[in-house]
Amino acid sequence: MTTDTAAASAPLPLLVLGQGTDLRTERGVECPGDLPAPSDPDLVERARAAKAALGDRVFVLGHHYQRSEVIQFADVTGDSFKLAREAAARPDAPYIVFCGVHFMAESADILTSDEQTVILPDLAAGCSMADMAAIAQVEDAWEQLEAAGIAQRTIPVTYMNSSAAIKAFTGRHGGTVCTSSNARTALEWAFDEVGGVADEGKVLFLPDQHLGRNTAVRELGLSLDDCVVWDPHRPNGGLTTEQLAGARMILWRGHCSVHGRFTVDAVETARREIPGVKVIVHPECQYEVVQLADEVGSTEKIIQTIAAAPDGTAWVVGTELNLVKRLAEQFPGQRIAFLEKNVCYCSTMNRIDLPHLVWALESLVDRRVVNPITVDPQVAADARIALDRMLALPGTTHKD
């Protein structure tokens, strides 16, 4: 691509993979390709009618990564924990329709009252990252850490993108939850529980290895050598006793299948092809990508940063496509493009489509509750302990 005026104003070419594999990614999985065409206008009118009929009895939450045809019906949009807290702040709404993924709906059920019901329009809307840390695997890993004499000086910290069972495990073992906004604060707290960052205590970080590594090395001053990766599919996590003894961060072998796709090559290509471009990425991206970025932050921070930028600014954004497309529409005075030319939507997040939303809303109009999300009371109580520890941390970034 040339750097003359015409080329500088042209959008970056985008190739959405519809088949095959991309072996450069962490998973090498097939990309789901482009989204289906927007739903027909009749569904839009049915959604409006059902929502109007329900009135204040329903509160619709829309995660930033949802498709626009769904977002238009959200009463509030945001990141996962922000949305769960928004639901809890509406105790008079008996029905919470969460347009997100399963772990988010679980968090909303934990934080809302017993009189409220959380509904997930499609139960198949899961999260590949959350699924990479099954509770049986984590409990087995903890037993192995106990046998190695490691567990007693280790604090577990789980990312919000984890199941209620993993949050409960963290609560039972003296740990906390973190978001992508307050990961540094949560890790500082955890290390303080075992002598401080400069001592020899450890953190077991679940389930996203990249957020844990990026926070520990870039923000706490630890080294890459201080970090080891626990592989739940290998005996003893694939680690020697010496590696565990010397580690400060035991990172679970998990990642986001969307953010893990962004590459160093994509950053370098963008800098060559777009004059004055700024690169902004999510901290779930690989360490080498984050190191090359101009800005790193949560989804909320990405939105705020671009919103505050002047017209004429050029950005490539390393996060989910639905959000990047909306940012480009909202800020036409800026040049906003995807970081990767080979791109995936979050296939599980996009299972929440307009037909599923209409079905959930019309069922409520007919006094039928479909797909309620109910967390076991004991699991919810233990998970709430970990969440409350996070809410007690200093600062305000946990609200993002």
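As the structure is a prediction and not an experimental result, all values here were calculated from the model. (Residues numbered from 1 in each chain as written. Predicted model: local features only at pLDDT ≥ 70, side-chain atom pairs only at ≥ 80, totals over all residues. Heavy atoms only, no water.)

**Remarks on the pattern of salt bridges**
Oppositely charged side chains are able to pair whenever their charged atoms sit close together. This is how it is decided: One side-chain nitrogen of Lys or Arg within 4 Å of one carboxyl oxygen of Asp or Glu is enough to make a salt bridge. A run of DSSP states H or I qualifies as a helix once it reaches four residues; a run of E qualifies as a strand once it reaches two. Both are numbered from the N-terminal end.
Applying the stated criterion across every chain, the model contains 14 salt bridges. Asp294 serves as the salt-bridge partner of Arg271, at 3.2 Å between the closest nitrogen and oxygen. Of this pair, Arg271 sits in helix α12 (residues 264-273) while Asp294 sits in the loop between α13 (287-292) and β12 (295-296); the two residues are 23 residues apart in sequence, bridging distant segments of the chain. Put simply, Glu139, Arg172 and Asp382 are held in one network by salt bridges that share partners.

**Description of the layout of surface pockets**
Note the cut-off: The method works on a 1 Å grid over the protein atoms by themselves. A cavity is a set of points holding a 1.4 Å probe that cannot get out, a pocket is an open set with protein on both sides within 12 Å along at least five of seven lines, and residues with an atom within 4 Å of a point line them. Grid points are joined across faces, edges and corners, and a volume is the space filled by probe spheres set on the points. Note on residue classes: Ala, Val, Leu, Ile, Met, Phe, Trp, Tyr, Cys and Pro are nonpolar, Asp, Glu, Lys and Arg are charged, and everything else, Gly too, is polar.
Looking at the second largest pocket, its volume works out to about 300 Å³. Along the walls of the second largest pocket sit 21 residues, with Ser180, Ser181, Glu219, Val296 and Gly297 positioned nearest its centre. Here the lining of the second largest pocket is built from residues that sort into five nonpolar, nine polar and seven charged.

**Some points on the sheet that holds strand β7 (residues 176-178)**
Rule in force here: Only strands joined by at least two bridges in the DSSP assignment are considered to pair. In this description, a line fitted to the C-alpha atoms serves as the axis of each element, helices being fitted only across the stretch in contact, and the angle between N-to-C directions of two axes falls anywhere from 0 to 180 degrees.
Taken in spatial order, the five strands make up an open sheet running β7-β6-β8-β10-β9, and their pairing is parallel. Where the open sheet ends on each side, the last strands, each with one partner, are β7 and β9 (227-230). Each strand of the sheet is rotated relative to its neighbour by a mean of 30°, with strand direction disregarded. Strand direction decides the pairing type here: strand β6 (residues 154-159) and strand β8 (residues 202-206), joined by five bridges, are parallel. Opposite Thr158, over in β8, you have Leu206 as the bridge partner.

**Brief notes about the packing of helix α8 (residues 164-172) against helix α17 (residues 377-391)**
Note the threshold: Our angle categories are set so that under 35 degrees counts as roughly parallel, over 145 as roughly antiparallel, 65 to 115 as roughly perpendicular, and the remainder as oblique. Should the near helix be turned anticlockwise from the far one by less than a right angle, the crossing is left-handed, and should it be turned clockwise, the crossing is right-handed. Residue contacts are defined here by distance: any two heavy atoms, one from each residue, within 4.5 Å place the two residues in contact.
The interhelical angle for the contact between α8 and α17, taken along N-to-C directions, is 65°, at an axis separation of 7 Å. Overall, the two elements α8 and α17 adopt an arrangement that is roughly perpendicular. At the point where α8 passes α17, the crossing takes the left-handed sense. Where α8 approaches α17, its residues Ala164, Ala165, Lys167, Ala168, Thr170, Gly171 and Arg172 are matched on the opposing element by Val379, Asp382, Ala383, Ile385, Ala386 and Arg389. For the contact of α8 with α17, a count of residues per class yields seven nonpolar, two polar and four charged.

**Considerations on the environment of Thr158**
Threshold: Accessibility here uses a 1.4 Å probe with only protein chains present; expressed as a share of the type maximum, an area under 20% marks a residue as buried, one over 50% as exposed, and anything in between as partly exposed. We define a polar contact as two N or O atoms separated by no more than 3.5 Å, with the added condition that, inside protein, one atom must be a possible hydrogen donor and the other a possible acceptor, whereas residues neighbouring each other in sequence contribute only through side-chain atom pairs.
Looking at the secondary structure, you find Thr158 in strand β6. The class of Thr158 is buried, set by a relative accessible area of 0%. Along the sequence, Thr158 and Leu206 sit 48 residues apart, while their C-alpha atoms lie 4.5 Å from each other. Of note is the side chain of Thr158, whose polar atom sits 3.0 Å from the side chain of Ser162.

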